[in-house]
Amino acid sequence: METEQTAQSRWQLRADWSQMDWSGELIRNEFLSPADQCAWQAEVLGDLIAFASTHVPWYRTQFHKLGIDSKDIGGVEDLARLPILTREDLQGNSEQLRAEVLPDGHRIDRKVATSGSTGQPVEVWHSEHSNMMVGIMTQRELRWQRFDPSGTLAMTRGLHELGTVHERQKYPLDHSYHYPRWFNVGNHFDTGPSVGFADTNSIDKQVAWLDELAPDYLTTQATLLEQLAFAYQDHAPPASLRALRASAQQLTPQMQERIESIFGVPVYQSYSLNEVGHVAAQCREGGRFHIHLENCLVEVLNADDKPCEPGEIGRIIVTPLANAAMPLIRYDTGDLAELAVGPCLCGRTLPAFTAIHGRYRRLALQPKDSWAYLIAIQRAFSLRLIAADLLAPIRQYQLHQYRNQSYELRIRASHPLSSAFHRHVRKFWEEATEEPTHPLAIVQMEEIPWGRALKFEYFTSDFVPPPDNDPPTRS
Ligand SMILES: [Zn+2]
């Protein structure tokens, strides 16, 4: 705890926020006993349930139908009496789920819309308080990962998230957008500057930009970070870099290994959702994803909606605790995880996931074995399993699944692909399943199209109709 307090002392709240120094409480919560954590969350949950059953039409109706009084939900263990809120429930019911009034001192901040993998939009209203939690939880994560707030943060992100409309019209795509502080966390804390660059610039341009800027930290989409790592096989990345943060797509262990070995610095990922805010963040010591107890209550459930046994993979169900504007109780995130067992090397007692697995709502739309093929390709590119000379020319790859279940491996490379590379990939492909495998074409391309998606996907499928339009998570 003392180490955390020392790490926190590097962070100064900005003058207009100095009244809101929560850091002492946050640090205490990180080392609470499980019983005290439960008691803490039960109290907040009780208030949330009482509020939702009175001021939110959706829950008022539902509690009435189920014959449940809000007082019946005394703690986390009673939550199972309430139904799970699916993404489908959220679609088209956002007005029913919105609070008619807000508690004293709470105000509406903004509406966040995400279209998600299934293409059906979901709208969630956030309060100023839930929005503020994004900044506060981000700072906690940066403290855990020992970021130095005086450093320069480079970030590549969607052009629509940079500058003003006027600036975007005035400047070319490869313009650098300068900010006096870091995004989000800089609203509340003194930090060094940040510099933004559109992530739709070519990887070569992003490399040149990073080389010139020589930042301390870089935050970008996980797949772009991997492409940057591929590009830095040619020459050393900026020596100034101290850590990386990956957003948007899931960072697989293979990607993490490749990125860290080429950049020579750690890469971190947090788990957040537009509907909820920050759910969990990775610690340095144990690599686990610890849950932000103040922001959400998390259950991991099996196919029968029962809590998973230790080591069992289940669905992540989240109840956000800090957003009175639109309370979501037991929201099914569509993600899978495995709860960690036993103490973490970092000493924090916050519950944690060992890993967060692929999005099963995509999987549900794809034929059986689709994931096995993707894993085969990821293995084929794994640092431990591919010879350095086969990997050296690779700059980017994407696996595409056609309706007839034939696949195309699209590759951007600095040199023509060798026959040894083709043989290497085919070996992994043939081992993907025990059945005879579906056909694979290996195609070298000048540029792999992003399609309509705002983030690059390394696995695209004609079975998943519209591309995933979630804007990259802010971090
Ligand atoms: Zn830990």
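Scroll up to find the structure this text is about.
A brief report on the enclosed structure follows. (Residues numbered from 1 in each chain as written. Predicted model: local features only at pLDDT ≥ 70, side-chain atom pairs only at ≥ 80, totals over all residues. Heavy atoms only, no water.)

Structural notes on the coordination of the zinc ion
Now for step 1: Around the zinc ion, the protein contributes the donor atoms Cys283 (SG), His290 (NE2), Cys344 (SG) and Cys346 (SG), at 2.1 to 2.3 Å from the metal centre.
Now for step 2: Angles of 100 to 117° at the metal separate the 4 donor atoms of the zinc ion, which places the site in the tetrahedral class.
Now for step 3: Read in sequence order, the donor residues for the zinc ion give the motif C-x6-H-x53-C-x1-C. Here the residue Cys283 occupies a position in the loop between β9 (277-282) and β10 (289-291), and Cys344 occupies one in the loop between β13 (331-339) and β14 (352-357), the gap between them amounting to 61 residues. (Donors = N, O, S within 2.8 Å, 3.2 Å for Na, K, Ca; no water. Tetrahedral: all angles 85-135°; square planar, octahedral: opposite > 155°, others 65-115°. Helix = DSSP H or I, 4+ residues; strand = E, 2+ residues; numbered from the N terminus.)

Some points on the pattern of salt bridges
When their charged atoms lie close together, side chains carrying opposite charge are able to pair.
Now for step 1: Counting across every chain of the model gives 29 salt bridges.
Now for step 2: When the shortest N-O distance is used, the salt bridge between Asp305 and Arg315 registers 2.8 Å. Placement of Asp305 in the loop between β11 (296-301) and β12 (313-320) and of Arg315 in strand β12 is noted, with a sequence separation of 10 residues between them.
Now for step 3: Given the relative accessible area of 39%, Asp305 is considered partly exposed.
Now for step 4: Classification of Arg315 as buried rests on a relative accessible area of 15%.
Now for step 5: If you follow the salt bridges from partner to partner, you end up with Glu4, Glu30, Arg140, Arg143, Arg146, Arg284, Glu285, Glu294 and Arg348 in one network. (Salt bridge = Lys/Arg side-chain N within 4 Å of Asp/Glu carboxyl O. Buried < 20%, exposed > 50% of the residue type's maximum accessible area, 1.4 Å probe, protein only.)

What to know about the sheet that holds β9
Now for step 1: The sheet built from 12 strands is open, its strands ordered β4-β5-β3-β6-β7-β8-β9-β10-β14-β13-β12-β11 with mixed pairing. Both outer strands of the open sheet, β4 (177-179) and β11, are each paired with one neighbouring strand and no more. Along the sheet, successive strands turn relative to each other by an average axial angle of 35°, direction set aside.
Now for step 2: As paired strands, β11 and β12 are joined by 6 bridges and run antiparallel to one another. Considered in β12, the bridge of Val298 is made with Val318.
Now for step 3: In this fold helix α6 (residues 128-144) packs onto β7 (243-247), β8 (267-273), β9 and β10, with an angle of close to 5° to the strand it touches most, β9.
Now for step 4: Helix α10 (residues 253-263) rests against β7, β8 and β9 of the sheet, and its axis sits at about 140° to β8. (Pairing = 2+ DSSP bridges. Axes fitted to C-alpha atoms, helices over the stretch in contact; angles between N-to-C directions. Contact = heavy atoms within 4.5 Å.)

Looking at the sheet that holds strand β15 (residues 394-401)
Now for step 1: In space, the 4 strands of this open sheet follow the order β17-β16-β15-β18, with mixed pairing throughout. Looking along the sheet, the strands with just one partner apiece sit at the ends: β17 (440-444) and β18 (459-461). With strand direction ignored, the average angle separating the axes of adjacent strands in the sheet is 20°.
Now for step 2: As paired elements, β15 and strand β16 (residues 407-413) share 7 bridges and run antiparallel to each other. Note on β16: the bridge partner recorded for Gln401 is Tyr407.

What about helix α4 (residues 57-66)?
Now for step 1: Every buried residue belonging to α4 is among Pro57, Trp58, Tyr59, Gln62 and Phe63, and all of these are buried.
Now for step 2: Here the buried face of α4 lies against α3 (34-55) and α5 (87-90).
Now for step 3: Among the residues trailing α4, Gly67 stands out with phi positive, at a value near 65°.

Concerning the pairing of β15
Now for step 1: Burial of β15 is extensive: 8 of the 8 residues sit out of reach of the surface.
Now for step 2: Connecting β15 to the antiparallel partner β16 that follows it, the hairpin turn spans 5 residues, and Gln405 within it adopts a positive phi of roughly 65°.
Now for step 3: One ladder, built from 3 bridges, connects β15 with β18; its direction is parallel. Note that in β18 the partner of His400 across the bridge is Thr460.

Things to note about the packing of helix α12 (residues 370-380) against helix α14 (residues 419-430)
Now for step 1: Put simply, α12 and α14 touch, their axes get as near as 8 Å, and they point 145° apart. Crossing of α12 against α14: the hand is right-handed. Here α12 contributes Tyr373, Ala376, Ile377, Arg379 and Ala380 to the contact with α14, which in turn contributes His424, Val425, Phe428 and Trp429.
Now for step 2: Along the lines of polarity and charge, the residues of the contact of α12 with α14 split into 7 nonpolar, 1 polar and 1 charged. (Left-handed = near helix turned anticlockwise from the far one by under 90°. Nonpolar A, V, L, I, M, F, W, Y, C, P; charged D, E, K, R; others polar.)

Topic: the nonpolar core
Now for step 1: Counting 50 residues, the largest nonpolar core has Leu399, Leu409 and Ile411 as its most contacted members.
Now for step 2: At 7 residues, helix α9 (residues 222-231) tops the list of elements feeding residues into this core.
Now for step 3: Those residues in contact with Leu399 that sit more than four places away from it in its chain are Tyr373, Leu374, Ile377, Tyr407, Glu408, Leu409, Trp429, Leu440, Tyr458, Phe459 and Thr460.
Now for step 4: Counting 44 residues, the second largest nonpolar core, distinct from the first, contains Ile68, Leu82, Leu90 and Ile291. (Core = buried A, V, L, I, M, F, W, Y, C linked by side-chain atoms within 4.5 Å.)

Digging into the packing of α9 against α10
Each pair of packed helices can be described by the angle between their axes along with the distance between the axes.
Now for step 1: For the pair α9 and α10, the least separation of the axes is 9 Å and the interaxial angle reads 45°. Put simply, α9 runs oblique to α10. Handedness of the crossing formed by α9 with α10: left-handed. Side by side, α9 and α10 meet where Ala222, Thr223, Leu225, Glu226, Leu228, Ala229 and Phe230 of the first sit next to Met255, Arg258, Ile259, Ile262 and Phe263 of the second.
Now for step 2: Per-class residue counts for the contact of α9 with α10 are 9 nonpolar, 1 polar and 2 charged. (Parallel < 35°, antiparallel > 145°, perpendicular 65-115°, else oblique.)

Points about the side chain of Asn201
Now for step 1: Note that Asn201 resides in the loop between β5 (194-198) and α8 (203-213).
Now for step 2: At a separation of 3.1 Å, a polar atom in the side chain of Asn201 contacts the main-chain carbonyl oxygen of Leu173.
Now for step 3: Excluding anything up to four places from it in sequence, Asn201 contacts Leu173, Asp174 and Gln206. (Polar contact = N/O pair within 3.5 Å; in protein donor to acceptor, adjacent residues only side chain to side chain.)

Observations regarding the packing of aromatic side chains
Now for step 1: As enumerated under the stated definition, the model contains 18 aromatic pairs in all.
Now for step 2: Ring centres of Trp11 and Phe189 lie 5.9 Å apart, and the angle between their planes is 85°; this geometry places the pair in the edge-to-face category. In this pair, Trp11 sits in the loop between α1 (2-8) and α2 (23-30) while Phe189 sits in the loop between β4 and β5, placing the two residues 178 residues apart along the sequence. Grouping residues by exposure puts Trp11 and Phe189 together as buried.
Now for step 3: Measuring from centroid to centroid gives 6.3 Å for Tyr59 and Phe63, while their planes differ by 85°, and the two rings are edge-to-face. With Tyr59 and Phe63 both in helix α4, this residue pair falls 4 residues apart, about one helical turn.
Now for step 4: A cation sits over an aromatic face here: Arg98 above Trp125, 3.8 Å from the ring centre.
Now for step 5: The residue whose ring lies beneath Lys427 is Phe428, and the NZ or CZ to ring-centre distance is 4.7 Å. (Phe/Tyr/Trp six-rings, centres within 6.5 Å; stacked < 30°, edge-to-face > 60°. Lys NZ or Arg CZ within 6 Å of the ring centre and 35° of its normal.)

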